[in-house]
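Reading the structure
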Amino acid sequence: MAVISTTLPSEKLWTGGKSPFNVEYGKLMMWYFLMSDAFTFGAFLISYGTIRFSSNGWPDPNEVFRSFPLAPEGIHAPLVFVSIMTFILIISSVTMVLAVHEGHKMNKSGVVNNLILTIIGGIAFLSCQAWEWSHLYSEGAWWGSNPFLNADGSQSSTNFTNYFFTITGFHGFHVLSGVVINIVMLIMTLLDKFEQRGHYLMIEKAGLYWHFVDLVWVFVFTCFYLI
Amino acid sequence: MSSTFSDHSSATLVAPHLLDDTHHEHHHETFISKYVFSMDHKMIAKQFLVTGIFWAVLGGLMSVLFRLQLGYPDASFPWLEDILGKWAKGGHITPEAYYALVTTHGTVLVFFVLTAGLSGTFANFLIPLQIGARDMASPFMNMLSFWFFFLAGLVMLSSIFVETGPFSGGWTAYPPLSALREASPGSKSGMDLWIISMALFVVSSLLGGLNYIATVLNMRTKGMSMTRLPLTIWALFFTAVLGVLSFPVLFSGFILLIFDRNFGTSFYLSDIYVNGVGALPNEGGSAILYQHLFWFLGHPEVYIILLPAMGMVSEILSTNARKPIFGYMAMIGSMFAIAILAFLVWAHHMFVTGLNPFLGSIFVLLTLLIAVPSAIKVFNWLTTLWRGNIRFTPGMLFSIGFVSLFISGGLTGIWLGNSALDIHLHDTYFVIAHFHIVMGVASMFGMFAGIYHWYPKMFGRYLNNTLAYIHFWITFLGAYLIFWPMHYEGLAGMPRRYYDYSIWESFKQFSDLNRFISTVAMIVFAVQLLFIANFFYSMFKGRKLLTQNPWNSNTLEWTTPINPGHGNWEGDIPEVYRWAYDYGKDGTEFISQVTPIGSSESTH
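Only a predicted model underlies this, so the values are computations on that prediction, with no experimental measurement involved. Per chain, residues are indexed from 1 in the order of the written sequence. Following the order in which they are written, the chains are lettered starting with A and the ligands numbered starting with 1. Given that this is a predicted model, residues contribute local features only at a pLDDT of at least 70 and side-chain atom pairs are listed and counted only at 80 or more, while totals for whole chains, interfaces and linings are drawn from all residues.

**Here we look at the overall build of chain B**
In terms of helices and strands, chain B carries 18 helices and 4 strands. Atoms counted for the radius of gyration: C-alpha only. Globule rule: 2.2 Å times residue count to the power 0.38. Since a compact globule built from 604 residues should have a radius of gyration of about 25 Å, the 25 Å found for chain B is in line with a globular shape. Summarising its shape, the C-alpha atoms of chain B cover approximately 80 × 55 × 55 Å along the three principal directions. Each residue is classed by its C-beta neighbour count within 10 Å, where at least 20 other C-beta atoms makes it buried, 12 or fewer makes it exposed, and intermediate counts make it partly exposed; the C-beta atoms are placed from backbone geometry. The buried share of chain B, taken over its 604 residues, is 55%. Once local pairs closer than 6 in sequence are excluded, the contacts in chain B between residues at least 24 apart make up 79%. Strands here mean DSSP runs of E at least two residues long; helices mean DSSP runs of H or I at least four residues long; both are numbered from the N terminus. Note on contacts: residues are paired as contacts if their backbone-placed C-beta atoms lie within 7 Å.

Structure, rendered in structure tokens:
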């Protein structure tokens, strides 16, 4: 902000004939779309909170999420696997930042390498989620069916699993869309589309979306695994 | 915003359409690319308008049909069986059909006519023309926005023809009625189609809204600062922001509802017994949760409907009173206040759901606060008219009618915003009267005003004036005759959403009144058909426009050719030197926004 305001007096920014935010329309739309999407997730998480706090009890996440692939039966490793998932997603955000950065420098091979890493991160996260879902399913959890007891040992309503699968599923769907977008970006980069345009702005917009999806995961993770 | 922008800002400072100043009329257009999959904002606006008119006729016809039941509960109309088949056995509309008609009427009018038909039409048409842009930021997304709306309409239309009938649980689609297939015939596949249609509509609204926002912020022509924008653009901008932030919440609510309907979840369901089915296993959900999610959209939605009308009315009043709009900045400020408050009042729709009375009192306060910006707007309109040199064009009449209806309907809003009074008034005809006048008919009047005012720009011809005056007076008087008596019925406690009031001892006294209302409703509906005949006839045979600027208006759209091509202006986009409301300044009748400030001109 400081850079812009020292070079352009603010009253000149809004006089028309140019973008007041110094961005082209696509990025502006992406920001507004992300605000809109934040409201979608906000509504989901607030609904979850409302129902959870009006319920008599809730399962203990440390008991529910305590396994990982190839783990021996009955292992008690609370939140280990989801921590790895979260770590993967955060690293994929870092590689996305690097891809955007390489784009600014017009360095095609740097963009390609970092995009590939981001895509791998996204697919790895989705694979982890697929394992976790199938593991929970094998324990009898699904929409409308909750095998877990409340933390105090009483019978739990199905809303623990209902919300878990709906919201992590909705988030997973966003990750999947992000992976698809990143693959499209990768193909466009390989086809020299951005070299011809003279800028890698599309990568930046895809990056905004990707970071948003990661940010949402932080909230989803907090609500379902930590609290 | 950091220094990262500096790397590429030279390439992105200016939106692509502003860079390209050659006009686009030369490239060959086929019928498909010009009229069907058009990316010209003006054609997309007309597509929204014509589709909106189609839905208005259908939704209006539905209201005539259920008014027939309310006005003549004992009479039998054999022709009803001819058109509705099993839904009107023996010439009587069945209760299921009655509820389906009421539900579809509400959904269609609120979403398809007064949201897509109103802001879809005028945001598309006016934003590029009035800010001085060649088209929307993304014409392709704009086209998608229309086709998603069209698809939503197709799905809604098909729901009318399924065997179990369209959804019949009210336009708000509250669970458990909407969540349980066993609850009613309309809750079966009719509800599936309803919810698919609404989901498509949310997508359409999002695509449109993002485009409107980006266009207004980024693509104003040189000199068109935000405070030189016509109020129409400010209104459409706030409308778009409201839509982008409130529809996603409804979308979340719908997703949970879809899971409850199809996948055995209990988000909204708990402790339910259905006749013939028995006790349901669902535990732990909350039907009230849906109401919160719904009204978090639902209340901003009424401003999504109302704000475009307010904006257009401001513009038309000022133009035809030949006076600057009174309190331009106050108008923007009050619209901003309305847009903010719109998100903070949703629970006033839920005062009697068991809401904590303390929480209710906060929502009362926030609700009544809306009276402040609303009153500012009303007084600004009245003072704009005050001692104006008024030209009573049809657009002007409808604008004045809008102000009248907004006052009448707004005052009853103060009653309903009180949680204590609401105990008596909720779910009565008082509510029906209130929201039809203040939101339904008023916004419809704003839409008519806009159509009459901008029709010459849309089609290069005028609408027939005589028919327009007949249309205005009958609609205006009819609207009051229909909805005014409903206040009395509501105050007497007559509940809404009932099929037949003649069996209630306490409401028998209203049978004549109900018949009167129904009769007026039919007359008003017939006059709307007159308007539609005028609309389509004038498109081909109306009096031709001979001048670019028929209303001697200041805004940019009247500097384009009479029939502008894709790209709007031949040659360069005009530069703007002043606000849109220099009427009667220094003795000059009007000064267009493109006229540079003269040396001897007084400042405003």
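**Regarding the overall build of chain A**
Scanning chain A from terminus to terminus reveals 9 helices and 0 strands. Ordered by position from the N terminus, the helices and strands of chain A form the series α-α-α-α-α-α-α-α-α. Seen through its C-alpha atoms, chain A measures out along the principal axes to roughly 65 × 40 × 25 Å. Buried residues in chain A amount to 37% of all 227 residues.

**Considerations on the interface of chain B and chain A**
With 50 residues of chain B in contact, the opposing surface of chain A contributes 41 residues. Those elements that provide at least two residues to the side of chain B that touches chain A are α1 (9-12), α8 (189-218), α9 (231-262) and α10 (287-321) of chain B. Only Asp, Glu, Lys and Arg are considered charged, only Ala, Val, Leu, Ile, Met, Phe, Trp, Tyr, Cys and Pro nonpolar, and every remaining residue, Gly among them, polar. Among the residues making up the side of chain B that touches chain A, the classes are represented as 27 nonpolar, 19 polar and 4 charged.

**Observations concerning the packing of helix α5 (residues 80-104) of chain A against helix α6 (residues 108-138) of chain A**
Residue and element names in this part refer to chain A. Lines fitted to C-alpha atoms define the axes, with helix axes restricted to the stretch in contact, and inter-axis angles between N-to-C directions lie between 0 and 180 degrees. Here α5 crosses α6 at 160 degrees, and the two axes come no closer than 8 Å. As the angle between them shows, α5 and α6 are arranged roughly antiparallel. Handedness of the crossing formed by α5 with α6: left-handed. For the contact of α5 with α6, a count of residues per class yields 15 nonpolar, 9 polar and 2 charged. Note on angle classes: values under 35 degrees are labelled roughly parallel, values over 145 roughly antiparallel, values of 65 to 115 roughly perpendicular, and the remainder oblique. Note on convention: the crossing is left-handed when the near helix lies turned anticlockwise from the far helix by less than a right angle, right-handed when the turn is clockwise.

**What about the packing of helix α6 (residues 95-131) of chain B against helix α16 (residues 429-459) of chain B?**
Two numbers describe a pair of packed helices, the interaxial angle and the distance between the axes. Residues and elements named next belong to chain B. Here α6 crosses α16 at 35 degrees, and the two axes come no closer than 11 Å. The chirality of how α6 crosses α16 is left-handed. In contact with Leu109, Leu114, Leu118, Phe122 and Phe125 of α6, α16 contributes Gly440, Ser443, Met447, Gly450, Trp454 and Met458.

**Some words on the environment of Glu204 of chain A**
Residues and elements named next belong to chain A. Turning to its location among the elements, Glu204 is positioned in helix α9 (residues 201-226). Each C-alpha atom of the pair Glu204 and Lys108 lies 14 Å from the other, and the pair is 96 residues apart in sequence. Here Glu204 is in contact with Lys27, Val100 and Gly103, once residues within four sequence places are set aside.

**Overview of the confidence of the model for chain A**
Residue and element names in this part refer to chain A. Confidence in the prediction of chain A, expressed as mean pLDDT, is 92, and 95% of residues score 70 or more. pLDDT expresses, on a scale from 0 to 100, how confident the predictor is about each individual residue. For chain A, per-element mean pLDDT is lowest for helix α1 (residues 2-7), which scores 44, and highest for helix α7 (residues 159-190), which scores 97. When the criterion is pLDDT under 50, residues 1-8 qualifies, and its contacts beyond four places in sequence or with other chains add up to 7 contacts.

**With respect to the nonpolar core**
Burial of nonpolar side chains together is a common tendency in soluble globular proteins. Residues and elements named next belong to chain B. Within the largest apolar cluster, 212 residues are counted, with the highest numbers of intra-cluster contacts made by Ile213, Leu236, Phe237, Phe402 and Ala442. Considering each element in turn, this core owes the most residues, 21 residues, to α9. When neighbours within four sequence positions are excluded, Ala442 is seen to be in contact with Leu306, Ala309, Phe402, Leu405, Phe406, Gly409 and Ile437. Each nonpolar core reported here comprises buried Ala, Val, Leu, Ile, Met, Phe, Trp, Tyr and Cys residues connected via C-beta atoms within 7 Å. Counting residues in hydrophobic clusters, the runner-up holds 14 residues, among them Met62, Leu80, Ala97 and Val102.

**A look at unusual backbone geometry**
Pro175 of chain B connects to Pro176 of chain B through a cis peptide bond whose omega is 5 degrees. Inspection of the secondary structure assignment puts Pro176 of chain B in the loop between α7 (139-159) and α8. One non-glycine residue, Asn22 of chain A, lies in the positive phi region at around 65 degrees. In this structure, Arg387 of chain B takes a positive phi of about 55 degrees despite not being glycine. Within the secondary structure, Arg387 of chain B is located in the loop between α13 (371-385) and α14 (394-416).

**Topic: helix α11 (residues 328-341) of chain B**
Three or four residues apart is the spacing at which side chains of an α-helix point the same way, because the helix has 3.6 residues per turn. All names here are of chain B. Here, expected helix span is obtained from the residue count minus one, scaled by 1.5 Å. Under the 1.5 Å per step criterion, the end-to-end length of α11 is 20 Å for 14 residues, consistent within 8% with the ideal 20 Å. Every buried residue belonging to α11 is among Tyr328, Met331, Ser334, Met335, Ile338 and Ala339, and all of these are buried. Projected down its long axis, α11 shows its buried positions confined to an angular sector of 140 degrees, all on one face. The secondary structure elements touched by the buried residues of α11 are α9, α10 and α13. Arc, as used here, means the arc of the directions from the helix axis to the C-beta atoms.

**Details of the environment of Phe66 of chain B**
All names here are of chain B. Relative to the helices and strands, Phe66 is located in helix α4 (residues 41-71). It is 12 Å that separates the C-alpha atoms of Phe66 and Thr519, two residues lying 453 residues apart in sequence. The residues touching Phe66, leaving out its near neighbours within four places in the chain, are Ile93, Tyr98, Leu101 and Val102.

**Focus on the environment of Met219 of chain B**
With respect to the helices and strands, Met219 of chain B occurs in the loop between α8 and α9. Counting along the chain gives 85 residues from Met219 of chain B to Arg134 of chain B, while the straight-line C-alpha distance between them is 8.9 Å.

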